[in-house]
Amino acid sequence: MTMRSILSGLKETNAKYRMFHAMTEDSDPGDAKFLFSAKDNLTSADMETCSGSKILVGYRPPFDAESIAKMRAAGGKLIGKCNMDEFGFGTFSTNSGLEIPRNPYDLERACGGSSGGSACAAAVFEGHVSLGVSTGGSICCPASFCGVYGIAPTYGRVSRYGLIDYGNSLDKIGVISADAKDLRKYTHIIAGKDAKDPTSCAQPEFKDTGRKLKSVAIPKEGVEGLSKDVEKAFFEAVERLRSMGVDVESIDMPSLKYAMPAYYVLATSEASTNLARYVGMRYGQQEGDHSLKFDDYFSYFRSKYFGDEAKRRILLGTYTRMAGFRDRYYAKALKVRQVVIKDYKRAFETHDAVLAPTMPFSAPRFDDISGMSALDSYKADYLTVPANIAGTPHISVPCGYGSDGMPIGMQFVADHWDEEVLFDAAEEWEKGFEMRKPEVGA
Ligand code: GLN
């Protein structure tokens, strides 16, 4: 696939996979060096940005997110804004107010979430790179369901300027691609301190020291509750790692069990305040009876345009921050976060990375997802949320295929600022891994 052929077939391909909410009209790549796409919660000056929500339909940001600006400055052409769960609230990209992306290996299955459209685009278009965003696992989960590589860098590594916030203390912008080497290349491009985002800190420079992954720790808590297919693929992959000369040790990380409930308290607390700005006055939709009192207008507007999951998270997050409850929930979740960080730090004293499957099962069918409760779907995140609340970098690599042919991923977590060891691990792994690309066509 050349850049030109991707562009000329873009509409047709999208009609099949529904990865993009908004797309370029250009069929000529001009002097672009590469094509890229971005999750639709990153603002883009030339394309509508909705963050998967009906409430933002019509919003055309006047500026590019810093990460998109950097990709363009490096010669990238933005071809599409990727479908996602509304504001990032989900694990399958099915909580979307707009379109739901289809898994390239089986159109009846989900791409994972919430960066589902990004992982889909990375799997479908040859040589493509997509920017994703992870709050609690939204880069690694879809990467594993779509059989591609994905990295969520250390919190603070990439500027969040122009990112439509979900949870400000958790959101991280990263890279998804079918080629492991792209992860290093494009993370280097988008990383760096940015005066426009005070949480993008002064950070150690990337140094390609050639340091190889020598040892991994597998938490016992990280291999519980897996589907048969995931268990089989994961332990075969571990054998292959051993044969590559990596030391593998099983460890206890008891805090992992508490990470999921703590995450949902922290994430919904932050989300509920972030969503307060969508009242039908500043961004996107503004229809309605403007002669109503403020409260009546806001309630009408928010009831109509927020999806069910957004409403659920506003209720949950408002509750956990309420006077009288905040010590019991929010303050306690912050303490759990510290314990999780300590557990990781302990593991990194003796190991280069912590390893577990990325998700406990492979991409589910849409009809199975519709039978899942909100809690079932939250529980599916128990393997991805710990590294996210710790702010540690993590990478998902495809590690095998289930009996139904669906891809399965494993996730390496490294210490803060130690992305290079993850890039090395993914590149070494890729050399001997037989990737089964999905059959694509419009
Ligand atoms: N599934 C998690 C959630 O719904 C993580 C999503 C994300 O990282 N945006 O919060």
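What counts, and where the lines are drawn
Residues numbered from 1 in each chain as written. Predicted model: local features only at pLDDT ≥ 70, side-chain atom pairs only at ≥ 80, totals over all residues. Heavy atoms only, no water. Helix = DSSP H or I, 4+ residues; strand = E, 2+ residues; numbered from the N terminus. Rg over C-alpha atoms; globule rule 2.2 N^0.38 Å. Buried < 20%, exposed > 50% of the residue type's maximum accessible area, 1.4 Å probe, protein only. Contact = heavy atoms within 4.5 Å. Areas by Shrake-Rupley, 256 points an atom, 1.4 Å probe, with all protein chains shown as cover. Pairing = 2+ DSSP bridges. Phe/Tyr/Trp six-rings, centres within 6.5 Å; stacked < 30°, edge-to-face > 60°. Lys NZ or Arg CZ within 6 Å of the ring centre and 35° of its normal. Salt bridge = Lys/Arg side-chain N within 4 Å of Asp/Glu carboxyl O.

Draft legend 1. How the structure looks around the overall build of the chain. A tally of regular secondary structure across the chain gives 15 helices and 11 strands. Against the globule reference of 22 Å for 442 residues, the chain gives a C-alpha radius of gyration of 20 Å, in line with a compact fold. Projected onto its principal axes, the C-alpha positions of the chain cover 70 × 60 × 45 Å. Taken over 442 residues, the chain has a buried fraction of 60%. Taking all contacts inside the chain whose residues are at least 6 apart in sequence as the whole, residues at least 24 apart take part in 76%. If you sum the accessible surface of the chain, you get close to 17300 Å²; carbon and sulfur atoms cover 52% of it.

Draft legend 2. The environment of Leu256, seen in detail. As for its position among the elements, Leu256 is in helix α8 (residues 256-274). You can call Leu256 buried: its relative accessible area is 11%. Spatially, the C-alpha atom of Leu256 lies 8.7 Å from that of Pro219, the residues being 37 residues apart in sequence. Aside from chain neighbours lying at most four places away, what touches Leu256 is Pro219, Glu221, Tyr344 and Pro386.

Draft legend 3. A look at the pairing of strand β9 (residues 353-357). By the criterion of burial, β9 is predominantly enclosed, with five of the five residues buried. Sheet topology places strand β7 (residues 215-219) next to β9; two bridges connect them, and they run parallel. Bridging across to β9, Ala217 finds its partner in Val354.

Draft legend 4. Local environment of the packing of aromatic side chains. Taken as a whole and assessed by the stated rule, the structure comprises 26 aromatic pairs. Aromatic rings pair up to connect Tyr59, Phe87, Phe89, Tyr166, Tyr278, Tyr283 and Phe306 into one cluster. The ring of Tyr161 has Lys196 lying over it, and the distance from NZ or CZ to the ring centre is 5.1 Å. One cation-aromatic arrangement involves Arg240 over Trp429; the distance from NZ or CZ to the ring centre is 3.9 Å.

Draft legend 5. Here's a closer look at the pattern of salt bridges. Enumeration over the complete set of coordinates arrives at 29 salt bridges. Between Lys181 and Asp179 there is a salt bridge, with its nearest N and O atoms 3.6 Å apart. With its nearest N and O atoms 2.7 Å apart, the salt bridge here joins Asp415 to Lys345. Of the two residues, Asp415 sits in the loop between β11 (407-413) and α15 (419-432) while Lys345 sits in helix α11 (residues 327-350), which places them 70 residues apart along the sequence. Residue class for Asp415 comes out partly exposed when judged on its relative accessible area of 23%. A network of salt bridges, in which partner residues are shared, links Arg184, Glu420, Asp424 and Glu427.

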